[in-house]
Amino acid sequence: MGRRDAKPVGRLDPMHIIMPLLYPNRCDNEAYISERIDLTNINEYLEKKNKDLAAEEDGRVFRYTLFHVIVTAILKTVILRPKLNYFIANKRIYERNEVTASFIVKKAFSDNGAEALALLPGKEEDNIDDIHEKIRRQVYSCRSDVPDGSSKSMDIICRLPFFLTRFIVWFCRKLDVHGKVPKSMIESDPYYTTVVFSNLGSIRLKSGYHHLTNWGSNSLFCIVGEKKRRPFFEEDGSYKMKDSVELGLTIDERLADGYYYAKSIRLLEKLLDDPELLEKPLGEEVDY
């Protein structure tokens, strides 16, 4: 029987059939890409989007931010570059049924502040306004007192005697290989999504490397670093200091070749350089 969340990819070339057999673990096949993004155009775009943004009933204004732009740009990149939505499980390549993003929401910015998992789907008809609204709903939900499904499942398991906890985790790992983990346990698990985001800029940390995991199906991780003034060099050696952000992308190199990934990064750079393109549906093609 097949997986509920994906379908096997057919018509693969021999290399992409053999690679998962030779190198079965996701963590052994990570590649890391670092990108520095000039924020000049994004800053202007965000200023325009937020200029006349209306307050909600409680008086709060959920502003458009750099994070919304980056999430939308990466979701659009994945939809237009479908191999980024592949993953390898049980030594076979699958394509997800949906494009999904996940991130962690800090309930309170303190040492003891709890965390909650947010998950949002990206549809071909969505644009940045739809993604902004989905993130708003997720953030407000996560900061409520209602725990997410994954947290509730982990809490129940951890209350059992330790030998039972160990057995359940071992059994779940066996189910994970075949895509049979109960939906109630993984519906808010970030490692079963297309891309996991970590917005380290919100806590004033630099971007950096983050590993993938052999649990789940996630094969793309994006770290968003702190906004800072950094030098951008011209061909003649001169430079200008500009607002910038650095992105750290971790990928599974078994899913596509270097050319495919390089072209995908060029698309992402195009979308971040011209954020007006994010006003159009995620599934609409872009010249780049």
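Up top is the structure these notes are about.
Now for a quick tour of the structure.

Parameters at a glance
- Residues numbered from 1 in each chain as written.
- Predicted model: local features only at pLDDT ≥ 70, side-chain atom pairs only at ≥ 80, totals over all residues.
- Heavy atoms only, no water.
- Patch = residues over 30% accessible without salt bridge, like charges linked within 9 Å, V, L, I, M, F, W, Y side chains within 5 Å.
- Areas by Shrake-Rupley, 256 points an atom, 1.4 Å probe, with all protein chains shown as cover.
- Salt bridge = Lys/Arg side-chain N within 4 Å of Asp/Glu carboxyl O.
- Helix = DSSP H or I, 4+ residues; strand = E, 2+ residues; numbered from the N terminus.
- Buried < 20%, exposed > 50% of the residue type's maximum accessible area, 1.4 Å probe, protein only.
- Pairing = 2+ DSSP bridges.
- Axes fitted to C-alpha atoms, helices over the stretch in contact; angles between N-to-C directions.
- Parallel < 35°, antiparallel > 145°, perpendicular 65-115°, else oblique.
- Left-handed = near helix turned anticlockwise from the far one by under 90°.
- Contact = heavy atoms within 4.5 Å.
- Nonpolar A, V, L, I, M, F, W, Y, C, P; charged D, E, K, R; others polar.
- Disulfide = S-S within 2.5 Å.
- Phe/Tyr/Trp six-rings, centres within 6.5 Å; stacked < 30°, edge-to-face > 60°.
- Lys NZ or Arg CZ within 6 Å of the ring centre and 35° of its normal.

## Remarks on a nonpolar patch on the surface
(1) Moving on: Together, Ile-17, Ile-18, Leu-21, Leu-22 and Tyr-23 give the surface a local cluster of nonpolar side chains, amounting to about 480 Å² of exposed area.
(2) Moving on: Within the secondary structure, Ile-17 sits in helix H1 (residues 14–22).
(3) Moving on: Here Ile-17 falls in the partly exposed class, since its relative accessible area comes to 43%.

## Description of the pattern of salt bridges
(1) Moving on: All told, the structure shown has 14 salt bridges when counted by the stated rule.
(2) Moving on: The partner of Glu-276 in a salt bridge is Lys-48, and the shortest N-O contact between them spans 2.3 Å. Remark: Lys-48 occurs in helix H2 (residues 40–50) and Glu-276 occurs in the segment after helix H8 (258–273); sequence separation between them is 228 residues.
(3) Moving on: According to the relative accessible area criterion, Lys-48 is partly exposed, its value standing at 48%.
(4) Moving on: For the salt bridge of Lys-49 with Glu-279, the shortest nitrogen-to-oxygen distance reads 3.1 Å. Here Glu-279 lies in the segment after H8 and Lys-49 lies in helix H2, a separation of 230 residues in the sequence.
(5) Moving on: For Lys-49, a relative accessible area of 16% gives the class buried.

## Some points on the sheet that holds strand E3 (residues 86–89)
(1) Moving on: Spatial strand order, E1-E4-E3: three strands in an open sheet with antiparallel pairing. Looking at strand neighbours, the two that pair on one side only are strand E1 (6–8) and E3, the edges of this open sheet. Mean inter-strand twist for the sheet, computed between neighbouring axes without regard to direction, equals 40°.
(2) Moving on: Judged from the three bridges that link them, E1 and strand E4 (residues 92–96) form a sheet pairing that is antiparallel. Within E4, the residue paired with Ala-6 across the bridge is Arg-96.

## Digging into the packing of helix H3 (residues 66–80) against H8
(1) Moving on: Direction vectors running N to C along H3 and H8 enclose 140°, while the axes themselves pass 9 Å from each other. Looking at the two axes, H3 sits oblique to H8. Helix-helix and strand crossings are classified by hand; for H3 and H8 the assignment is right-handed. Every residue of H8 that contacts H3 at Val-69, Ile-70, Ala-73, Ile-74, Lys-76, Thr-77 and Leu-80 is listed here: Ser-264, Leu-267, Leu-268, Leu-271 and Leu-272.
(2) Moving on: Its residues placed into classes, the contact of H3 with H8 shows nine nonpolar, two polar and one charged.

## Section: the side chain of His-68
(1) Moving on: Here His-68 is to be found in helix H3.
(2) Moving on: Residue His-68 is classed as buried on the basis of its relative accessible area of 3%.
(3) Moving on: The residues contacting His-68, other than those within four sequence positions of it, are Phe-62, Arg-63, Ile-128, His-132 and Ile-135.

## Quick look at the state of the cysteines
(1) Moving on: Following the criterion strictly, the structure yields zero disulfides and no others.
(2) Moving on: Here Cys-158 is not disulfide-linked; the sulfur of Cys-172 is the nearest cysteine sulfur, at 12 Å.
(3) Moving on: The exposure class of Cys-158 is exposed, given its relative accessible area of 61%.

## Here we look at unusual backbone geometry
(1) Moving on: Located in the positive-phi region is Asn-90, a residue other than glycine, with phi close to 55°.
(2) Moving on: Tracing the backbone through its elements, the reader meets Asn-90 in the loop between E3 and E4.
(3) Moving on: Among the residues examined, Asn-90 registers a relative accessible area of 43% and is labelled partly exposed.
(4) Moving on: Although it is not a glycine, Lys-91 adopts a positive phi angle of roughly 70°.

## Some details on the packing of aromatic side chains
(1) Moving on: In the structure shown here, the tally under the stated rule is nine aromatic pairs.
(2) Moving on: When the centroid spacing of 6.1 Å and the interplanar angle of 80° are considered together, the rings of Tyr-32 and Tyr-209 count as edge-to-face. Residue Tyr-32 is located in strand E2 (residues 30–38), and its partner Tyr-209 is located in the loop between strand E7 (195–199) and strand E8 (220–224); the two are separated by 177 residues in the primary sequence.
(3) Moving on: Ring centres of Tyr-192 and Trp-215 lie 5.8 Å apart, and the angle between their planes is 85°; on these two criteria the pair is classed as edge-to-face. Residue Tyr-192 is located in the loop between helix H7 (183–186) and E7, and its partner Trp-215 is located in the loop between E7 and E8; the two are separated by 23 residues in the primary sequence.
(4) Moving on: The buried category is assigned to Tyr-192, whose relative accessible area is 11%.
(5) Moving on: Taken together, Phe-67, Phe-103 and Phe-197 form an aromatic cluster joined through their ring pairs.
(6) Moving on: Sitting over the ring of Tyr-260, Arg-81 keeps its end group 3.9 Å from the ring centre.
(7) Moving on: Directly above the ring of Tyr-260 sits Lys-83, whose terminal nitrogen or CZ lies 5.1 Å from the centroid.

By themselves these figures say nothing about function.
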